[in-house]
Amino acid sequence: MGFARTCSVALVGVEGVVVEVQADLEPGVAAFTLVGLPDKSLSESRDRVRAAVVNSGGEWPQKKLTVGLSPASVPKGGSGFDLAVACAVLGAAERIDPKVLADIVMIGELGLDGRVRPVRGVLPAVLAAADAGYEQVVVPECTAAEAALVPGVSVLGVRSLRQLIAVLTDEPVPEEEPDETGRPDPMLAGLCVPGTGVGTGLGEAFDDAHALDLADVVGQASARTAVEVAAAGAHHLFLQGPPGAGKTMLAERLPAVLPRLTREESLEVTAVHSVAGMLPPGRPLVDVAPYCAPHHSATMQSLVGGGKGIARPGAVSLAHRGVLFLDEAPEFSTQTLDSLRQPLEAGHVVIARSAGVVRLPAKFLMVLAANPCPCGRHTLLGDGCECPPSVIRRYQARLSGPLLDRVDLKVEVEAVTRSELAGYGARGESTRTVADRVRAARERAAARLAGTGWRTNSEVPGHALRTRWPAAPGALDAAEVDLERGFLTARGLDRVLRVAWTVADLAGHDRPSAQDVALALQLRTGISRGVPTVIGAST
């Protein structure tokens, strides 16, 4: 009887579980049995592994073969177990020393010719292996750079099964023939889901060749200030105005204003995009804020995550540490929009399915854009709106009160005038100039919040802001009056205070003044408070 074992990783959401792959050979009629709660794609590995071993020069054992995946209670799917299954079988057949395989984690799909093809989710899989104490990982060659992002793990990238056999048996490593130049690498097909990656904004925010500059936005002083405040404090933003006013232009330029991701944040974002198959080719690490703009026909599952079996990341997770832009927000279904209320507060999504409960990260900056009415001409002068008042109320009511209460900034985007469009006025500041101010404001907030676990003003609870970092005396008088009159809720007052701290950080103030709070109230309620819309204009 022959027995060997090695390890692989099963992904549950964006988290990995190390799975022991065991192979047992017994005398009897030749058969291949795979146990351990595999799905259809994993059950088909029996034929892939057999063909790959034979075409790699190995001999398939003509005995009763049983391959077990332990723990058997964890659902397992995908083709990433192929490499581990093949090596465990070869170890049980004594082609490879079983002792060499015991402490190695193997991830990769096998082609029928023995090539090792890439799979999605390599980074979270290697992170799980490192957390479990494993120090050696074998991955497909084209995902070795992604796996190498995990510290303390020795990564071996292989292009074929025969190469791996040679390395494990101390034999000369054969050279694989390179693919024809000028043709797309077929090995990269396993990394991306068809149709994904378009419009995600990864890598474009700081690419000078495709830079979207805030200076291109004509006019809109209030909206530009709101975008700057949203980026500095990670506050959610609602832009309302007629078609063609520049709402989408502002939202598309917001990711470039955000600071680059830290190392920890980059690993979180990369793990999510790796599982979703949305990593840009040649960029194993995502270090810029992602941008996700789903169409208004998106379902609840595509927005918050879900699907058959183990839940997959949705748009809110793909926008983790970045921007989620919902254009034409009232056109989304009410149920879909209200599903965002929990992740907006918690920063993550918990999805329960019969196959298990998955927790997906979802700490994003939400930007809503909407027209004032179905025809879009309700606020325009000289261009009559024919929508009845009841239709306008019904249209605006699609954005529920609890959802809008979680939005810190509400700005009316006005139609662009002829003089502004002709360029008679001063050109707005560039993205780089605004981004420098945002970075300085974030540094002030980080210094103040050091040791608390909070990073941005939007994360700080209202009680902590009122007790540990109080505003200037009398600064909150106007906000408290609005609370008594019912214009603000208790949550709304806390959010006004958070925005006021962000305004103070941008203006360089030690703590929010009455003018900072007034601007925060103006940006939240849309009611003019008699203060300049440009931060620091009168200080």
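Above this text sits the structure in question.
Residue numbers restart at each chain and count upward from 1, following the sequence in its written direction. Totals for whole chains, interfaces and linings use every residue, but because this is a predicted model, local features are given only for residues with pLDDT of at least 70 and side-chain atom pairs only at 80 or more, for both listing and counting. Each side-chain value is worked out from all heavy atoms of the structure, with water and hydrogens disregarded.

### Considering the pairing of strand S8 (residues 136-140)
As a reminder of what qualifies: Think of it in three bands: with a 1.4 Å probe and only protein chains considered, a residue is buried below 20% of the maximum accessible area for its type, exposed above 50%, and partly exposed in between. Going along the chain from the N terminus, every DSSP run of H or I of four or more residues is numbered as a helix, and every run of E of two or more is numbered as a strand. Whether two strands pair depends on DSSP finding at least two bridges between them.
With four of five residues buried, S8 lies mostly within the body of the structure. The pairing of strand S5 (residues 104-106) with S8 spans three bridges and is classified as parallel. Note on S8: the bridge partner recorded for Ile104 is Gln136. Summarising the sheet, S8 and strand S9 (residues 154-158) pair through five bridges and their orientation is parallel. Across the sheet, the residue bridging to Pro140 is Val158, located in S9.

### Things to note about helix H8 (residues 221-233)
Note the following rule: Take the number of residues in a helix, subtract one, and multiply by 1.5 Å to get its expected span.
With 13 residues, H8 extends 19 Å between its outermost C-alpha atoms, agreeing within 8% with the 18 Å of an ideal straight helix rising 1.5 Å per residue. The element H8 is largely enclosed, with a buried count of 11 among its 13 residues. Turning to H8, its buried residues number three or more, namely Ala223, Arg224, Thr225, Ala226, Val227, Glu228, Val229, Ala230, Ala231, Ala232 and Gly233. Looking one or two places after H8, you find Ala234, whose phi comes out positive at around 60°.

### Observations concerning the side chain of Ser339
Which entries qualify depends on this criterion: Polar contact is the term for a pair of N or O atoms within 3.5 Å; when the atoms are in protein, one must be able to donate a hydrogen and the other to accept it, and sequence-neighboring residues count only if both atoms are side-chain atoms. Whether two residues are in contact is decided by their heavy atoms: any pair within 4.5 Å suffices.
Among the structural elements, Ser339 can be located in the loop between helix H13 (334-338) and helix H14 (341-346). For Ser339, a relative accessible area of 18% translates into the label buried. From its side chain, Ser339 meets the backbone oxygen of Thr336 in a polar contact 2.4 Å long. Setting aside residues no more than four positions away along its own chain, Ser339 makes contact with Met300 and Val304.

### A closer look at the pattern of salt bridges
What counts is decided by this rule: Salt bridges are counted wherever a side-chain nitrogen of Lys or Arg sits within 4 Å of a carboxyl oxygen of Asp or Glu.
According to the stated counting rule, one finds 26 salt bridges in the structure shown. For Glu264, the salt bridge goes to Arg455, with nearest N and O atoms at 3.1 Å. Of this pair, Glu264 sits in helix H10 (residues 263-276) while Arg455 sits in the loop between helix H18 (431-448) and helix H19 (462-467), and the two are 191 residues apart along the sequence. The closest approach of N and O atoms between Glu345 and Arg491, which form a salt bridge, is 3.6 Å. Note that Glu345 is positioned in helix H14 and Arg491 in helix H21 (residues 490-507), a separation of 146 residues in sequence. Arg491 sits in the partly exposed class, given a relative accessible area of 32%. Look at the salt bridges and you will find they share partners, linking Glu345, Asp405, Arg406, Asp408, Arg491, Arg495 and Arg524 into a network.

### Points about the sheet that holds strand S12 (residues 323-326)
A sheet is described by the order of its strands in space; here five strands give the open sequence S11-S12-S15-S10-S16, paired in parallel fashion. Two strands close off the open sheet at either side, each with one partner strand: strand S11 (291-292) and strand S16 (409-412). Where strand S10 (residues 237-240) lies against strand S15 (residues 365-370), four bridges are found, and the strand directions are parallel. Paired with Gln240 across the bridge in S15 is Ala370.

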